[in-house]
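# Topology and contacts: notes
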Amino acid sequence: MPWNNQGNNQGGNQGGGPWGGGGNNGGPWGSGSGRPPGRPTPPEFDKMFRDFRNQFGGGIPGGGSPMKFIWLLLIVIMGLWVATGFYRVNPQQQGVVLRFGEWVKTTSPGLHYHLPFPIEKVLTPDVTRDNRLEIGFRDISGRSASRRDIADESQMITGDENIVDIDFVVFWRIADAGAYLFNLAEPDDTIKVAAEAVMREIIGQTAIQTVLTEGRQNVQTSVRQKLQELLDEYKSGVRVREVQLLAVDPPSDVIDAFNDVQRARQDRDRLKNEAEAFRNDIVPRARGEAARLVAEAEAYREEVVSRAQGDASRFDQVYTAYEMDKDVTRERIYIETIEEVFGNIEKIIIDEDGKSVVPYLPLKELGKARNAN
């Protein structure tokens, strides 16, 4: 080394490096240990350098050919570079592999490999998270009371040419990460514009009363189905999970008049229901009374007809008997008539000369007395 054995002829210094180790005066520090008191021993750079050169077979100039060291270094670097191609896709993600910026494939969750950077790289968007899209309003602080209305988005014309103010949200997820990232330039804005267009189309075919009352669920279902069909046609890679109508109201400028109309309609419906209830009570009762009268009339008719037919038959029988024996028949008719006439009246029997009364047993009075007891 260039500093070894310097100053052998000067003051008797016995070499040992620039620090003068091993000399009588102890080097520049003036001590026998070759270092100032209380300080660590300086590293032996010469020994470390020699060991490193010997380990790699003299790949440093002066120790053999440098190509072996260079190739070994290149192999190590290449191995590390190749190992950077391994990547893992989490269960809630999809892997989108890009080759020089071009989408080449989509990978499922698990461990995969792609050509190292800068040839290929991978994107791993989350495909299980629900994305919320607000249309017609902006939620400022997460509470419904702090919504800021966007009139250009919320006001729509119904099928009966009325104006309605609608706030709704769309919940969607990424179904195909590659299609979502590369088939549309701005997928979020595209979904928003498509949802608003579909909602306007459905509302334009529906009456305002239907939208405000019982037709809300049908509107939500129709919008979700039609929006999904439209996004599938765009190949957006998006799945629409739900469409919710948060508020459906008339415009604030005419809401008082609209409420008056609604109250009038409610009164009309109430009166109509009361009239129908009265009709449902009266009509069956009248029909029942009419049926009873008809039944009684039919029964009376049957009774009269049957009695007339019986009287006519009896008269024919009497006439036939009279033709067979006129005296006997005439006597029987006389006796039956007297029995019928005098059967229910009080009777007093006297002799032919009218001087005495024939006593008789009062059976009728006795029967009445017995029944009274």
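Scroll up for the structure.
Only a predicted model underlies this, so the values are computations on that prediction, with no experimental measurement involved.

Thresholds applied
- Residues numbered from 1 in each chain as written.
- Predicted model: local features only at pLDDT ≥ 70, side-chain atom pairs only at ≥ 80, totals over all residues.
- Heavy atoms only, no water.
- Helix = DSSP H or I, 4+ residues; strand = E, 2+ residues; numbered from the N terminus.
- Buried < 20%, exposed > 50% of the residue type's maximum accessible area, 1.4 Å probe, protein only.
- Contact = heavy atoms within 4.5 Å.
- Areas by Shrake-Rupley, 256 points an atom, 1.4 Å probe, with all protein chains shown as cover.
- Pairing = 2+ DSSP bridges.
- Axes fitted to C-alpha atoms, helices over the stretch in contact; angles between N-to-C directions.
- Parallel < 35°, antiparallel > 145°, perpendicular 65-115°, else oblique.
- Nonpolar A, V, L, I, M, F, W, Y, C, P; charged D, E, K, R; others polar.
- Core = buried A, V, L, I, M, F, W, Y, C linked by side-chain atoms within 4.5 Å.

### Examining the overall build of the protein chain
- Assigned secondary structure in the protein chain consists of 10 helices and 11 strands.
- Here the protein chain, with 373 residues, has 23% of them falling under the buried criterion.
- Relative to all contacts within the protein chain whose residues are 6 or more apart in sequence, the contacts with residues 24 or more apart total 58%.
- Accessible surface, the protein chain: about 26500 Å² in total, of which carbon and sulfur atoms supply 55%.

### A few points about the sheet that holds strand E5 (residues 120-123)
- One open sheet holds the 3 strands; their spatial order is E3-E2-E5, and the pairing between them is antiparallel. If you trace the sheet from one side to the other, it starts and ends with strand E3 (102-107) and E5, each paired once. Geometrically, the sheet is characterised by an average inter-axis angle of 25° between neighbouring strands, direction not taken into account.
- Sheet topology note: the strand E2 (residues 95-99)/E3 ladder contains 5 bridges and is antiparallel. Bridging across to E3, Arg-99 finds its partner in Glu-102.

### Side note on the packing of helix H8 (residues 255-324) against helix H9 (residues 326-342)
- Viewed as axis vectors pointing N to C, H8 and H9 meet at an angle of 135°, and their least axial separation amounts to 6 Å. If you check the angle between H8 and H9, you find them oblique. Note on element contacts: H9 touches H8 through Lys-326, Thr-329, Arg-330, Arg-332 and Ile-333, opposite Val-318, Ala-321, Tyr-322 and Met-324.
- Here the contact of H8 with H9 is built from residues that sort into 5 nonpolar, 1 polar and 3 charged.

### Considerations on the pairing of strand E1 (residues 86-89)
- Taking every second residue as pointing to the same face, the buried face of E1 carries Tyr-87 and Val-89, while none of Phe-86 and Arg-88 on the other face is buried.
- Here E1 pairs with strand E4 (residues 110-113) via 4 bridges, running antiparallel. Counterpart to Val-89 in the pairing with E4 is Gly-110.

### Quick look at the nonpolar core
- Among the nonpolar cores identified, the biggest contains 31 residues, and Ile-166, Phe-168, Val-170, Trp-172, Met-199, Ile-203 and Leu-227 are the most heavily contacted of them.
- Elements that contribute at least two residues to this core include exactly E2, strand E6 (131-135), strand E10 (163-174), helix H4 (177-182), helix H5 (187-203), helix H7 (216-234) and strand E11 (238-249).
- Counting residues per element, this core draws most heavily on H5, which supplies 7 residues.
- Ignoring any residue separated from it by four or fewer positions in sequence, one finds Ile-166 in contact with Ile-135, Gly-136, Ser-154, Met-156, Ile-203, Val-211, Leu-245, Ala-247 and Val-248.

### What about the side chain of Glu-196?
- Inspection of the secondary structure puts Glu-196 in helix H5.
- Of the residues examined, Glu-196 reaches a relative accessible area of 15% and is grouped as buried.
- Setting aside anything within four residues of it in sequence, one finds Glu-196 in contact with Ile-135, Asp-152, Glu-153 and Phe-168.

No statement about biological role is implied by the geometric values presented.
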